[in-house]
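A structural walkthrough
Each chain is listed here by its residues.
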Amino acid sequence: QVQLVESGGGLVQAGGSLRLSCAASGRSFSSYSMGWFRQAPGKEREFVAAISWSGGSTGYADSVKGRFSISRDNAKNTVYLQMNSLKPEDTAVYYCAAARSAYGGVRASNYNDWGQGTQVTVSS
């Protein structure tokens, strides 16, 4: 099991940027693939981005492709989500998640451990 703590959320104007961080504690962070998901009020949790345990493979939801970038630093047990050109529709609670596989992909059910989430609010 790995414990996950997100940070970096906040209030930003449309067109702005934020970088979310997810710090993991526990053993063997590099053996987990990681993902970011988000949930807006009244909506289901949705996939945002994923990265393989080595960092060599990444994937993005169509809605964020070209604007968001996921990366990881296994030496720091941290995964990041760089969010640029933010839109009001990006407003949500953002969660990081860990999967005990090489690549967790888009399905939330593939992920075993979840953080508590960090709020991102984009004003128009």
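Let me begin by describing the structure that accompanies this report. On a predicted model such as this, the values are computed, not experimentally measured, just so you know.

Okay, the environment of Asp90 next. Within the secondary structure, Asp90 is located in the loop between β8 (78-83) and β9 (92-99). Overall, the relative accessible area of 1% leaves Asp90 in the buried class. For the pair Asp90 and Ser63, spaced 27 residues apart in sequence, the C-alpha to C-alpha distance is 9.0 Å. Those residues in contact with Asp90 that sit more than four places away from it in its chain are Arg38, Arg67, Phe68, Ser85, Val120 and Val122. A distance of 2.8 Å separates the side chain of Asp90 from the backbone nitrogen of Lys87, its partner in a polar contact.

Before going further, it helps to examine the packing of aromatic side chains. Throughout the structure, instances matching the rule amount to four aromatic pairs. Look at Phe37 and Tyr111: their rings are 5.2 Å apart centre to centre, the planes differ by 80°, and that puts the pair in the edge-to-face class. Placement of Phe37 in strand β4 (residues 33-39) and of Tyr111 in the loop between β9 and β10 (113-114) is noted, with a sequence separation of 74 residues between them. Tyr111 shares its class with Phe37; the two are buried. Counting every residue linked through ring pairs, the aromatic cluster contains Phe37, Phe47, Tyr111 and Trp114. Against the face of Tyr95 rests Arg45, its NZ or CZ located 3.9 Å from the ring centre. Over the face of the ring belonging to Trp114 we find Arg45, whose NZ or CZ atom lies 4.8 Å from the ring centre.

Our next topic: the sheet that holds strand β7 (residues 68-73). The four strands are arranged β1-β3-β8-β7 in an open sheet whose pairing can be described as antiparallel. Each end of this open sheet is capped by a strand with a single partner; those strands are β1 (3-7) and β7. With direction set aside, neighbouring strand axes in the sheet form an average angle of 15°. Direction of pairing for β1 relative to strand β3 (residues 18-25): antiparallel, over a ladder of five bridges. Across the sheet, the residue bridging to Gln3 is Ser25, located in β3.

The rules we used
Per chain, residues are indexed from 1 in the order of the written sequence. Since the coordinates come from a predicted model, pLDDT governs what is reported: local features require at least 70, and pairs of side-chain atoms require 80 or more to be given and counted, while whole-chain, interface and lining totals use all residues. Working from all heavy atoms in the structure, the side-chain values ignore hydrogens and water. Numbering of helices and strands starts at the N terminus; helices are DSSP runs of H or I of at least 4 residues and strands are runs of E of at least 2. Buried residues are those whose accessible area, probed at 1.4 Å on protein chains only, stays under 20% of the maximum for their type, while exposed residues exceed 50% and partly exposed ones sit between those limits. For this analysis, residues touch if any pair of their heavy atoms sits within 4.5 Å. We define a polar contact as two N or O atoms separated by no more than 3.5 Å, with the added condition that, inside protein, one atom must be a possible hydrogen donor and the other a possible acceptor, whereas residues neighbouring each other in sequence contribute only through side-chain atom pairs. Pairing of aromatic rings covers Phe, Tyr and Trp, the last counted by its six-membered ring, and requires centre-to-centre distances within 6.5 Å; plane angles under 30 degrees mean stacked, over 60 mean edge-to-face, and any other angle means tilted. Only lysine NZ and arginine CZ atoms are considered, and such an atom sits over a ring when it is within 6 Å of the ring centre and within 35 degrees of the ring normal. A pair of strands is treated as paired once DSSP finds two or more bridges between them. All axes are obtained by fitting lines to C-alpha atoms, using only the stretch in contact for helices, and the reported angles, taken between N-to-C directions, cover 0 to 180 degrees.

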